[in-house]
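Reading the structure
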Amino acid sequence: MRKIGIIGLGHIGRLLAHDLVATDKVDQLVLIDQNDELVVGLKADLENAQTALSTRTEIILQDYAALKNADILVTAFGDSSLLEKQQMAELTRNGKAVREIAPQVKQSGFDGIVLNISDPNEAITAYLQQQLALPTKQVIGIGTTIDTARMRQAVAKAAELSSQNVSGFVYGQHNGEKIFAWSTVTVNGQDLDKSINGHHLDQNQLRITADLDNWYTFKGLGYNASAVVTWILQMISTILGNGELSASVAIYQPRYSGYVSFPTLLNRNGQGHPLLLNLYPVEEAAVKTAANAIQQQLTILQQGGKTND
Ligand SMILES: NC(=O)c1ccc[n+]([C@@H]2O[C@H](COP(=O)([O-])OP(=O)(O)OC[C@H]3O[C@@H](n4cnc5c(N)ncnc54)[C@H](O)[C@@H]3O)[C@@H](O)[C@H]2O)c1
């Protein structure tokens, strides 16, 4: 039996719940949010939707104990409207949420894989791992997965190809020190310093295009959800199946003694082998800077959200 929990049913959580039910990825779905009316409404809506399906998902509401034998827990709590004010505005707010949520998850005996979406992603993932006291391989954040996807798309658009032809990763910190690691980026095996499909690609322009995609989505919708949910569904399929997926996710990296967004393989155990690619020294230094910034945020969270200013 495939069992998944989602904590936080805002833009992301409710779209994910719908997609899991509609694509028959889950037998039991545990839905938890601080807003009781929201979860009751969502359950009714999803059950109505199932009248058009030949599959059935059992939906369980507001029951932390039901997470005990869940395979995966997706955390998508927060208040994404705060991002309009400041990129890191959710830090202390979501730190408090971790202190409310983690003891209840821990008490359930949950021992599956956590996929964290809540921001600031790397620091909240690290804090969740500490508060849940689960092995680091089992607590993964979406990290710079979407930034990586946007980078690949920017390259693909400029080269007039589809993004499946592009490989490479964005490292570091999703809402902060993002490192577009050009040393890792290739188009069908070709480096970017060569002409690609007749186009000479300008890295500065590519970065602007990738960031603009995020800006347009946020300005138009006030949130972004489709890309995140689609990638999380891929990760869920990988964890529940036998495959491996490479993604730049928030993982514990021993070489930085902490969490940072770093390319790695995901598999049924959660985090598999990290991809140790040869970065340019300047990229390597920037990843270290990002890891330090994440560590500083983690320290703020560990102190209960109190900053010195
Ligand atoms: N890393 C990424 O790529 C990425 C992309 C988009 C959004 N995000 C982040 O994901 C999170 C969710 O985004 P969203 O747009 O769905 O947010 P949202 O504001 O629409 O919804 C958040 C939900 O979490 C619930 N919640 C808050 N605190 C809770 C608690 N203590 N216990 C239970 N439920 C709680 C709220 O009631 C709300 O329903 C945010 O932190 C957002 O910044 C990350």
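Everything numeric here is computed off the predicted structure, so don't read it as measured data.

**Comments concerning the overall build of the protein**
Helices and strands together make up the secondary structure of the protein, namely 8 helices and 14 strands. Rg of the C-alpha trace for the protein: 19 Å, near the compact-globule value of 19 Å for 309 residues, within the 12% margin. Once the C-alpha set of the protein is aligned to its principal axes, its extents read approximately 55 × 50 × 35 Å. The buried share of the protein, reckoned over its 309 residues, is 42%.

**Comments concerning the site of the ligand**
Within the structure, the ligand sits among 33 residues, and G8, G10, I12, G78 and S80 are positioned closest to it. Among the secondary structure elements, those contributing two or more residues to the shell around the ligand are helix 1 (11-22) and helix 3 (90-108). The element best represented in the shell around the ligand is helix 3, accounting for 5 residues. Two domains each put at least three residues into the shell around the ligand: domain 1 (3-141) and domain 2 (145-301).

**Details of the pairing of strand 14 (residues 270-274)**
As paired elements, strand 13 (residues 258-267) and strand 14 share 3 bridges and run antiparallel to each other. Opposite T264, over in strand 14, you have P274 as the bridge partner. Taken together, strand 13 and the strand that follows it, strand 14, pair antiparallel across an intervening segment of 2 residues.

**Digging into the nonpolar core**
Counting residues in each nonpolar core, the largest one holds 86 residues, and the members touching the most others are V74 and I232. Each of domain 1 (3-141) and domain 2 (145-301) accounts for three or more of the residues forming this core. Those residues in contact with V74 that sit more than four places away from it in its chain are I4, I6, L16, L115, I117 and I232.

**Observations regarding the sheet that holds strand 7 (residues 166-167)**
Strands sit in the order 7-10-11 across an open sheet of 3 strands; the sheet is antiparallel. What marks the edges here is a single partner per strand, and that holds for strand 7 and strand 11 (190-191). Looking at chain direction, strand 10 (residues 186-187) and strand 11 are connected through 2 bridges and run antiparallel. Along strand 11, the bridge assignment pairs T186 with D191.

**Digging into the packing of helix 5 (residues 145-159) against helix 7 (residues 226-240)**
As a packed pair, helix 5 and helix 7 sit with axes 10 Å apart at the nearest point and diverge in direction by 105°. With respect to their mutual orientation, helix 5 and helix 7 come out roughly perpendicular. Facing helix 5, whose interface residues are T145, I146 and A149, helix 7 presents A227, V228 and W231.

**Here we look at the domain arrangement of the protein**
With domains assigned, the protein is organised as domain 1 (3-141) and domain 2 (145-301). For domain 1 versus domain 2, the separation of C-alpha centres amounts to 23 Å. Every contact between the two is made by 31 residues of domain 1 and, on the other side, 31 residues of domain 2. Residue contributions to the side of domain 1 that touches domain 2 peak at 6 residues, all from helix 4 (residues 121-132). Residue classes in the side of domain 1 that touches domain 2 are distributed as 16 nonpolar, 9 polar and 6 charged.

**A look at unusual backbone geometry**
Each neighbour pair has its own omega, and for D119 with P120 the value is -10°, a cis peptide bond. Tracing the backbone shows P120 in the loop between strand 5 (113-116) and helix 4. Look at Q62: it is not a glycine, yet its phi comes out positive at around 50°. With respect to the secondary-structure elements, Q62 resides in the loop between strand 3 (58-61) and strand 4 (72-75). With a phi close to 55°, S257 is a non-glycine residue in the positive phi region. Following the sequence through the fold, S257 ends up in the loop between strand 12 (245-253) and strand 13. Accessibility expressed as a C-beta count within 10 Å gives 10 for S257, which makes it exposed.

**Remarks on helix 3**
Its 19 residues give helix 3 an end-to-end C-alpha distance of 26 Å, which sits within 8% of 27 Å, the value for a rise of 1.5 Å per residue. Positive phi appears at G109, one or two residues downstream of helix 3, with a value of about 85°.

**Things to note about the environment of L277**
Along the polypeptide, L277 turns up in the loop between strand 14 and helix 8 (281-302). Separated by 28 residues in the primary sequence, L277 and V249 have C-alpha atoms spaced 15 Å apart. When neighbours within four sequence positions are excluded, L277 is seen to be in contact with T184 and P263.

Rules behind the numbers
- Residues numbered from 1 in each chain as written.
- Predicted model: local features only at pLDDT ≥ 70, side-chain atom pairs only at ≥ 80, totals over all residues.
- Helix = DSSP H or I, 4+ residues; strand = E, 2+ residues; numbered from the N terminus.
- Rg over C-alpha atoms; globule rule 2.2 N^0.38 Å.
- Buried ≥ 20, exposed ≤ 12 C-beta atoms within 10 Å, placed from the backbone.
- Near = placed C-beta within 6 Å.
- Domains from an automatic or database assignment.
- Pairing = 2+ DSSP bridges.
- Core = buried A, V, L, I, M, F, W, Y, C linked by C-beta atoms within 7 Å.
- Contact = placed C-beta atoms within 7 Å.
- Axes fitted to C-alpha atoms, helices over the stretch in contact; angles between N-to-C directions.
- Parallel < 35°, antiparallel > 145°, perpendicular 65-115°, else oblique.
- Nonpolar A, V, L, I, M, F, W, Y, C, P; charged D, E, K, R; others polar.
- Expected span 1.5 Å × (residues − 1).

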